[in-house]
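Examining the three-dimensional arrangement
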Amino acid sequence: MPSRFNLIEEDRQQKGGEKRSETAGRWQHDSMQKMLTIISNVLRGSASRHGAQVVSEAASMVASSRSYADFTPEATFDIKKVDLHRLEEGPPLTATLTREEGLKYYRTMQTIRRMELKADQLYKQKIIRGFCHLYDGQEACAVGIEGGITLSDHLITAYRAHGYTLTRGGTVREIMAELTGRRGGIAKGKGGSMHMYTKNFYGGNGIVGAQVPLGAGVALACKYLGNDQLCVSLYGDGAANQGQIFETYNMSSLWKLPIIFICENNQYGMGTSVERSSASTEYYKRGDYIPGLRVDGMDVLCVREATKFAADHCRSGKGPILMELQTYRYHGHSMSDPGVSYRTREEIQEVRSKSDPISMLKDRMLSNNMASIEELKEIDIAVRKEIEDAAQFATTDPEPPLDDLCSHIFANDQPFEVRGATPWTKLTSTS
Amino acid sequence: MRPMRVPFGPPEWRIGGVRFRAVAQPAVIGSRIGRRTIGPASSGTSRSSLTEDRSKMASIRCFLRSGKSAVSVVLRREFSKTSPAAVQVNVRDALNQAMDEELERDEKVFLLGEEVAQYDGAYKVSRGLWKKYGDKRIIDTPITEMGFAGIAVGAAFAGLRPICEFMTWNFSMQAIDQVINSAAKTYYMSAGAQPVPIVFRGPNGSSAGVAAQHSQCFAAWYGHCPGLKVVSPWNSEDARGLLKAAIRDNNPVVFLENELMYGVPFDLSEEVMHKDFVLPIGKAKVERQGTHITLVSHSRCVGFCLDAAAVLAKEGVECEHMDVVTLAVVNLRTIRPLDVETIEASVMKTGHLVTVEGGWPQYGVGAEICARIMEGPAFNYLDAPAVRVTGVDIPMPYAKILEDHSVPQIKDIIFTVKKVLNM
């Protein structure tokens, strides 16, 4: 696992801007009163923040007395180099982030994080049932990918889909209500955790690997219709060994389909680590004749730049490209997996403290004065409220009506009779 | 002058000066392309010669007893009057024309599958289409069913209207997850947000000499699943009308053809040849009216039922001590949704039911029909238990004599009818 944690001082030195040294200087000259204010503010803050954050927060608090006009509108960051397969050049080594983008990514990642944690809570209260595969830890993937494409492009993924449902235009309310099986759910309660759909988002697919040929079919349609769109087709390290994925590599390459294959390698396929499942764990090379990139999936900017690069490759008619995102999930495979029988708590803790995608973005923004600590806190509060409202809705919205039981079997058809559980139970199906 | 319709109409056809002759049609075994040679027809005479007919009947009986006719027996029509409106089209060409017309009509329709383009189709069903429409619309795929079926379904998600050909439905087992989980269930799981306008087609059921792995009938397997429409045409009119309807349908349709029917010609009227001729999916057709017993069948076995009906009708005329037994023959056309009303209406008239299919008996199409009749109003009209005539419950053997005895033959149908009617 790439160790991302640097002491805050090193951080400050590396990601410097002018204002950096000014702040440092000011810190050194602070009065006792200001220090006390700062300490009390810090102590009031959330206990979940780690040490480095406290320091940077304190520093930012000093700077917060300035107006928004003083924030850095844009900054350029060094990002980790990408491993290449059959490519001469890769994505750039730096990424430019605007303040708006930063706040947007922060908010979206935080929303996904809190939404998944809320789902965890509701599942343990037995308000959500069945399968629930949580995405916390992997937020940078969904948000970064969306940052590299547009909503008129297409995306399909497997069952760990709540984050993508959100980035593809779903609302937290609809998603949570679908998890609790209510009529206000994004699939009216008929689909559940694994079967959520929005425009240009084809789920949410329960059968491991099946979504990849489906994604190639969407890409075929893009090429057929000549609309310059592409399809992002995601799968995990567990699915990466599926035969149908190799069949899809073959056909996509033959026909030069505008598809970006993305392997979200979170190191474990359910309870099986990558070393135990795959003869080759270099998933970005598994496409063989398909060019590949291995990307740090915990860094939203890395993911975004790589996705932009891949999208350009597809749109220029060169055919498919494969990206491996190295990422990590904090929860187990699903809610029925505690996630600690095949990996240690220390490992999870280490990733959380050193490589958390939200913390990383936050640190970047704060240390470059792109946002204030209060601003981000406000976003956190707003997100928390949004999640609470959504959870409230999801627990109080009524379940789907029984009339809906047999509907949506066929599209554009006359209503027809459906046999119920007994020969005398005659139900109606409407489109 | 009578308009030309499906050849095997009610007995009144004979009054029009038409006579039926049974013609033995030996198949050329081992040819994957499906070439069949039509055997020489026995010389015909006018119907007025009873002796002639009697000897023909005897030869038919000989055939039936020896089981040689099991491969294929086709009733060929001859007309003393000709009709300019009818044209002879075999099932293969009917399918070809249907696809051609639908490809022309809607740009979103395209065909993909193994050998469909440059080879003109493994069974020549897509002959000429690649030449006409090119690489974009007619796509040759590698031998990767799971992959290309998934690609076809994904294309349907994104708004195209694919026709996905399986070289035979046996190979669909490689891709069955995409047919069921990705195609059939998606409209329901998405609560109506994502329709899947796709047609899966290919030859189904037994052929001739292709042995166990290439001879399975999938009507019951796919007919089991909600979210799919499953269609099984018998003749050219069925093939044409149902394929056009399937392509125009916004839902996943499993289209089960039959290789041995591809080369069989039927007369198609002007009305049927019209480019917007479609048959309703989910509606069975009564091919032959009858009063004593109802035979329900699909695909190639419909022909056998009609043959059996003709044989029994003749027997009745021949042998004065025998009753003239008239068989109602219902051609299901669609497996799912099953047109149980048409079957019930017929059973309520005749009081007897026999289902005939090529597939295996256990949990099959016939089993479903019998269960539904039991559960419905027609049960009260049954004078005998409903029974099934099916393929033998074994994997298909290779040797001709074994293969012939693995599928329902006309003599099996006649035997069953007589049993049910207590004759």
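Definitions and cut-offs
Residues numbered from 1 in each chain as written. Chains lettered and ligands numbered in written order. Predicted model: local features only at pLDDT ≥ 70, side-chain atom pairs only at ≥ 80, totals over all residues. Heavy atoms only, no water. UniProt positions renumbered as here; feature names shortened; annotations may be inferred. Phe/Tyr/Trp six-rings, centres within 6.5 Å; stacked < 30°, edge-to-face > 60°. Helix = DSSP H or I, 4+ residues; strand = E, 2+ residues; numbered from the N terminus. Lys NZ or Arg CZ within 6 Å of the ring centre and 35° of its normal. Contact = heavy atoms within 4.5 Å. Buried area = accessible area lost by both parts, 1.4 Å probe. Salt bridge = Lys/Arg side-chain N within 4 Å of Asp/Glu carboxyl O. Polar contact = N/O pair within 3.5 Å; in protein donor to acceptor, adjacent residues only side chain to side chain. Nonpolar A, V, L, I, M, F, W, Y, C, P; charged D, E, K, R; others polar. Buried < 20%, exposed > 50% of the residue type's maximum accessible area, 1.4 Å probe, protein only. Disulfide = S-S within 2.5 Å. Pairing = 2+ DSSP bridges. Axes fitted to C-alpha atoms, helices over the stretch in contact; angles between N-to-C directions. Parallel < 35°, antiparallel > 145°, perpendicular 65-115°, else oblique. Left-handed = near helix turned anticlockwise from the far one by under 90°. Arc of directions from axis to C-beta. Right-handed = clockwise from strand over helix to strand, strands pointing away. pLDDT = per-residue confidence, 0-100.

By the naming in an unreviewed UniProt entry, chain B is Pyruvate dehydrogenase E1 component subunit beta, taken from Oncorhynchus tshawytscha. The UniProt entry for chain B carries the following comment under Catalytic activity (unreviewed entry): "N(6)-[(R)-lipoyl]-L-lysyl-[protein] + pyruvate + H(+) = N(6)-[(R)-S(8)-acetyldihydrolipoyl]-L-lysyl-[protein] + CO2".

By the naming in an unreviewed UniProt entry, chain A goes by Pyruvate dehydrogenase E1 component subunit alpha and is assigned to Oncorhynchus tshawytscha. Quoted verbatim from the Catalytic activity (unreviewed entry) field of UniProt, the annotation for chain A is "N(6)-[(R)-lipoyl]-L-lysyl-[protein] + pyruvate + H(+) = N(6)-[(R)-S(8)-acetyldihydrolipoyl]-L-lysyl-[protein] + CO2".

**A short note on the packing of aromatic side chains**
With the rule as written, the count across this model stands at 15 aromatic pairs over all chains. On the numbers, 5.4 Å between centres and 45° between planes, the contact of A:Y224 with B:F110 is tilted. Taken together, the positions of A:Y224 in helix α9 (residues 211-225) and B:F110 in strand β4 (residues 109-113) put the pair across two chains. Taking 5.5 Å as the distance between ring centres and 35° as the angle between the ring planes, the aromatic pair formed by A:F410 and A:F416 counts as tilted. Above the ring of B:Y188, the side-chain terminus of A:K190 is found at 4.3 Å from the ring centroid.

**Topic: the UniProt feature "domain: Dehydrogenase E1 component" (unreviewed entry) in chain A**
This chain's UniProt record puts "domain: Dehydrogenase E1 component" (unreviewed entry) on residues 107-401 of chain A. As annotated, residues 107-401 of chain A comprises 46% helix and 11% strand, and the C-alpha atoms at either end are separated by 35 Å.

**Let's talk about the interface of chain B and chain A**
Between chain B and chain A, the contact holds 43 residues from the first and 35 residues from the second. Counting the surface lost from both chain B and chain A, the interface buries some 3400 Å², and carbon and sulfur atoms represent 68% of this. On the chain B side of the contact with chain A, B:I151, B:Y188 and B:M189 bury the most area, a combined 20% of that side's loss. Where chain B meets chain A, there are two salt bridges. Salt-bridge contacts for B:K229 lead to A:D413; the nearest nitrogen and oxygen are separated by 2.7 Å. The interface formed by chain B and chain A holds 15 residue pairs in polar contact (both at pLDDT 80 or more) in total. If you list the elements that add at least two residues to the side of chain B that touches chain A, you get β4, α3 (129-137), β5 (138-140), α4 (145-157), α5 (176-184) and α6 (186-189) of chain B. Partitioned by chemical class, the residues of the side of chain B that touches chain A number 19 nonpolar, 15 polar and nine charged.

**Things to note about unusual backbone geometry**
Residues other than glycine predominantly adopt negative phi, and peptide bonds predominantly adopt the trans conformation. The omega angle of the peptide bond from B:R336 to B:P337 is 0°, so this bond is cis rather than trans. Of note, the phi angle at A:Q267 is positive, near 75°, even though the residue is not glycine. With respect to the secondary-structure elements, A:Q267 resides in the loop between β6 (259-265) and β7 (268-269). When its relative accessible area of 19% is taken as the criterion, A:Q267 is described as buried. Positioned with a positive phi, B:N422 is a non-glycine residue whose angle comes to about 60°. Mapped onto the secondary structure, B:N422 falls in the segment after α14 (410-420).

**Topic: the state of the cysteines**
Inspection of the entire model under this criterion finds zero disulfides over all chains. No disulfide involves A:C132; its nearest neighbouring cysteine sulfur is the one of A:C141, lying 18 Å away. B:C305 supplies the cysteine sulfur nearest to B:C370, a cysteine that is in no disulfide, at a spacing of 13 Å.

**A short note on the UniProt feature "domain: Transketolase-like pyrimidine-binding" (unreviewed entry) in chain B**
Listed under "domain: Transketolase-like pyrimidine-binding" (unreviewed entry) in the UniProt record, and renumbered for this structure, are residues 89-264 of chain B. With 39% helix and 16% strand, residues 89-264 of chain B has end C-alpha atoms that lie 8 Å from one another.

**Some remarks on the sheet that holds strand β16 (residues 387-389) of chain B**
Residues and elements named next belong to chain B. The strand order β11-β13-β12-β15-β16 describes an open sheet built from five strands, whose pairing is mixed. Taken across any chain shown, the strands that pair with only one partner, and hence form the sheet edges, are β11 (285-288) and β16. When the angles between neighbouring strand axes are averaged without regard to direction, this sheet yields 30°. Direction of pairing for β11 relative to strand β13 (residues 327-331): antiparallel, over a ladder of three bridges. Across the sheet, the residue bridging to R288 is V329, located in β13.

**Describing the packing of helix α2 (residues 91-105) of chain B against helix α8 (residues 236-248) of chain B**
Each packed pair of helices is defined by two parameters, the angle between the axes and the distance between the axes. All names here are of chain B. It is at 8 Å that the axes of α2 and α8 come closest, and there the two elements cross at 25°. Taken together, α2 and α8 sit at an angle that is classed as roughly parallel. You can see that α2 and α8 cross each other, and the crossing is right-handed. Only S236, A239, R240, L243, K244, I247 and R248 of α8 make contact with α2, whose side of the interface consists of V91, A94, L95, Q97, A98, M99, E101, E102 and R105. Across the contact of α2 with α8, the residue classes tally to eight nonpolar, two polar and six charged.

**Considerations on the side chain of B:Q409**
Considering the arrangement of structural elements, one finds B:Q409 in the loop between α13 (400-404) and α14. Looking at B:Q409, its side chain comes within polar contact range of the main-chain oxygen of B:D404, at 2.6 Å.

**A look at helix α13 (residues 345-355) of chain A**
All names here are of chain A. Inspection of α13 places I348, V351 and S355 among the buried residues, and these make up the whole buried set. Taken end-on, α13 shows its buried residues confined to a sector of 85°, consistent with a single buried face. Residues of α13 that are exposed and point over 90 degrees away from its buried face: R345 and E346. Residues of α13 that are buried make contact with α14 (357-367).

**Structural notes on the pairing of strand β9 (residues 292-296) of chain A**
Residues and elements named next belong to chain A. A large share of β9 lies buried, amounting to five of its five residues. Side chains G292, R294 and D296 of β9 all project onto a buried face; the interleaved residues L293 and V295 project onto the opposite face, where all are buried too. Looking at chain direction, strand β2 (residues 83-85) and β9 are connected through three bridges and run antiparallel. Bridge pairing in β9 links L84 to L293. Across five bridges, β9 lies against strand β10 (residues 321-326) in parallel orientation. Opposite R294, over in β10, you have E324 as the bridge partner. Between the parallel elements β9 and β10, the chain passes through helix α12 (residues 300-315) in a crossover that is right-handed.

**A short note on the confidence of the model for chain A**
Residue and element names in this part refer to chain A. Counting all residues, the mean pLDDT for chain A is 89, and 84% of those residues have values of 70 or more. Within the model, the stretch residues 1-30 combines pLDDT values under 50 with 42 contacts to residues more than four positions away or in other chains. Note on residues 45-52: pLDDT is under 50 here. Beyond four places in sequence and across chains, it has seven contacts.

**Here we look at the side chain of B:S346**
Summarising the element assignment, B:S346 is placed in helix α11 (residues 340-350). A distance of 2.8 Å separates a polar atom in the side chain of B:S346 from a polar atom in the side chain of B:T294.

**Topic: the sheet that holds strand β7 (residues 199-203) of chain B**
Residues and elements named next belong to chain B. Pairing in this open sheet of seven strands is mixed, and the strands run β5-β4-β6-β7-β9-β8-β14 from one edge to the other. The open sheet has two edge strands with one neighbour each: β5 and β14 (334-336). Going from strand to strand, the sheet's axes swing by 20° on average, the running direction of each strand aside. Looking at chain direction, β7 and strand β9 (residues 253-257) are connected through five bridges and run parallel. Its bridge partner lying in β9, G202 is registered against L256. In this fold α4 packs onto β4, β6 (161-165) and β7, with an angle of close to 165° to the strand it touches most, β6.

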